[in-house]
Amino acid sequence: MSLRLYDTATRSVRDFVPLTPGQVGIYLCGLTVQSVPHIGHLRSAVNYDVLRRWLLHTNYEVTFVRNVTDVDDKILDKAHAQGRPFWSIAYANKLVLDANYRDLNVLPPTYEPLATAHIPEMHELITTLIERGRAYPAAGGNGDVYFDVPSYAEYGALSGQNPDDMRPPSDGGEPDKRDYRDFALWKGVKADEPADASWPSPWGRGRPGWHIECSAMARRYLGDEFDIHGGGVDLTFPHHENEIAQSHSAGLPFARYWVHHALLNLGEAKMSKSLGNVIDLDAVRAMGIREVEVRYYLATPHYRSRIDYSDDALREAATAYRRIEGFVQRAAEIVGPGRPKDVPPPFAAAMNDDLNTSAALAIVHDTIREGNTALTANDEAGIRGALTAVRAMLGVLGLDPLDEKWTGGATQSDLKPVVDALVKLALEQRAQARARKDWAAADSVRDQLKNAGIQVEDTPAGPRWTVGEH
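Predicted model only: the values in this text are computed from it and were never measured.

What counts, and where the lines are drawn
Residues numbered from 1 in each chain as written. Predicted model: local features only at pLDDT ≥ 70, side-chain atom pairs only at ≥ 80, totals over all residues. Heavy atoms only, no water. Helix = DSSP H or I, 4+ residues; strand = E, 2+ residues; numbered from the N terminus. Buried < 20%, exposed > 50% of the residue type's maximum accessible area, 1.4 Å probe, protein only. Lys, Arg positive; Asp, Glu negative; His and termini not counted. Salt bridge = Lys/Arg side-chain N within 4 Å of Asp/Glu carboxyl O. Contact = heavy atoms within 4.5 Å. Domains from an automatic or database assignment. Buried area = accessible area lost by both parts, 1.4 Å probe. Polar contact = N/O pair within 3.5 Å; in protein donor to acceptor, adjacent residues only side chain to side chain. Expected span 1.5 Å × (residues − 1). Phe/Tyr/Trp six-rings, centres within 6.5 Å; stacked < 30°, edge-to-face > 60°. Lys NZ or Arg CZ within 6 Å of the ring centre and 35° of its normal. UniProt positions renumbered as here; feature names shortened; annotations may be inferred. Pairing = 2+ DSSP bridges. Right-handed = clockwise from strand over helix to strand, strands pointing away.

A. Quick look at the side chain of R43. Considering the arrangement of structural elements, one finds R43 in helix α1 (residues 39-57). Buried and unpaired, R43 has no salt bridge, with D308 as the nearest side chain of opposite charge at 8.8 Å. With residues up to four places along the chain from it excluded, the contact list for R43 reads H261, A262, L263, L264, L298, P301, H302, Y303, R304, S305, R306 and I307.

Below, the structure written as structure tokens:
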């Protein structure tokens, strides 16, 4: 079974057939860095990282482009409010974004273009649109350039919007537009904006509109036509609709598949910086949730399923991951870490079925149950088979507990003697407390170990510890 993906443009699950056999070009709309990212943004990163890892696992060569919008109305508003250069805000927030991606084991993109570094490519595309009669400089001569929406007959096809149903803004909109639905390709200098947030152009100094940057940068790194364009479902309209309109109007085939992920909601609304209802990675870490557990939480639901965030749901996901981790660690103690390679066919079938990570992780948990049975029976062949299968599946999802990313670069054999000695000391103190019937002290030692992620099990052969639930 080959990969099938839901294509927003056709509203159907389609067989994925790349433009060039064995190669895949992906463009993912990245963030506007007006503030630090929240975990809703990180869902996008994890979802498309899983897609990329699956393509790599199935022997595709992947070119993955994820842009950064580093000049924008929102960034300029923040710069004005804080009395800082816009580029200072953008750079500081991008550093946090990069760190969050690394913390969640998101592979770095092949290319990560900045909007401010691709002004010439945008000018070239805008010029083509004007020459083709699909765009026009504003009559007022203020430097604005607009895309002529009525000139593109298929406008609204991606999102299902009917242009005739779009109502004009109540404030009358921008008087220099020929049609209230037209959108900005280039924005002339405004009196209240900083001088360094503008660039020379054939139409006067200004800065790019939001939509033109993605069309220009996708073309620069992936060519006139490429395989997959990704982003959140909230970008379908107007952002992606406008990208299609301007790219097709310039004669570019553009994206062959449109893959959108659902949002992460807090209450009844999507998690949004503009709404102020956000939870970032630092806040989650303060709850005692590790980065690998956050990745598990974000990767478990199908990418097209909405996530309704709650602290309890996040903690439940963390507990589920610790059970996975516990099996991998116990099995590796007995048979060694193994050399995982192939994933079980049911797992592959789930991943090929529109990246059904929920079903894929069900296969992981089923395999762990088999592995735990093998552990109980001291069946080393069964343990080894389950461990290598589990690690292969988790590796595709970026969740292998023995991955150097999650072990801090140290192998299990490096850490085990140190941790074992420390836990053994604590267990000796617990045994001494139990011997003198100081149950409160014994329970205190056990509870402290539990808070550190160490689960103690009293067995006929003595206490046994594992990494387990808090």
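B. Representation of the domain arrangement of the protein. Segmentation of the protein into domains returns domain 1 (4-261), domain 2 (267-397) and domain 3 (416-467). The C-alpha-based centres of domain 1 and domain 2 are spaced at 32 Å. Every contact between the two is made by 32 residues of domain 1 and, on the other side, 36 residues of domain 2. Summed over both partners, the interface of domain 1 with domain 2 buries about 2800 Å², with 62% contributed by carbon and sulfur atoms. The three residues of domain 1 that bury the most area against domain 2 are I39, R43 and W54, which together make up 28% of that side's buried surface. Taken together, domain 1 and domain 2 are joined by two salt bridges. Salt-bridge contacts for R295 lead to D49; the nearest nitrogen and oxygen are separated by 2.7 Å. Between domain 1 and domain 2 we count 12 residue pairs in polar contact (both at pLDDT 80 or more) in total. Breaking the side of domain 1 that touches domain 2 down by element, the ones donating at least two residues are β1 (4-7), α1, α3 (86-103) and β10 (254-261).

C. α1, seen in detail. Compared with the 27 Å implied by 1.5 Å per residue over 19 residues, the 26 Å span of α1 between its first and last C-alpha is a close match. With 17 of 19 residues buried, α1 is to be regarded as a mostly interior element. Immediately downstream of α1, the backbone of N59 shows phi near 75 degrees, a positive value.

D. Region of interest: the environment of E154. Here E154 is to be found in the loop between β6 (145-147) and β7 (183-188). When its relative accessible area of 52% is taken as the criterion, E154 is described as exposed. Sequence separation between E154 and D311 is 157 residues, and the spatial gap between their C-alpha atoms is 43 Å.

E. The packing of aromatic side chains, seen in detail. Applying the stated criterion to the full structure yields 12 aromatic pairs. With a centroid separation of 5.2 Å and 55 degrees between ring planes, the pair formed by F16 and Y257 is classed as tilted. Of this pair, F16 sits in the loop between β2 (12-15) and β3 (23-28) while Y257 is found in strand β10, placing the two residues 241 residues apart along the sequence. When its relative accessible area of 5% is taken as the criterion, F16 is described as buried. Consider the rings of Y296 and Y321, whose centres lie 5.8 Å apart with planes at 55 degrees: the pair is tilted. Of this pair, Y296 sits in helix α8 (residues 291-299) while Y321 is found in helix α9 (residues 311-335), placing the two residues 25 residues apart along the sequence. Exposure class is identical for Y296 and Y321. Each is buried. Taken together through their ring pairs, the aromatic side chains of F16, Y60 and Y257 make up a single cluster. Directly above the aromatic system of Y180 lies the positively charged group of R181, at a separation of 5.3 Å from the ring centroid. Note that R304 overlies the ring of Y6, its terminal NZ or CZ placed 4.3 Å from the centroid.

F. Examining the UniProt feature "domain: Cysteinyl-tRNA synthetase class Ia DALR" (unreviewed entry) in the protein more closely. As annotated by UniProt and renumbered to match this structure, "domain: Cysteinyl-tRNA synthetase class Ia DALR" (unreviewed entry) occupies residues 346-407. The distance separating the terminal C-alpha atoms of residues 346-407 is 28 Å; by composition the span is 77% helix and 0% strand.

G. Spotlight on the pairing of strand β4 (residues 61-66). Here six bridges tie β3 to β4, and the two strands are oriented parallel to one another. Bridging across to β4, Y27 finds its partner in V65. Handedness of the crossover joining β3 and β4 through α1 is recorded here as right-handed.

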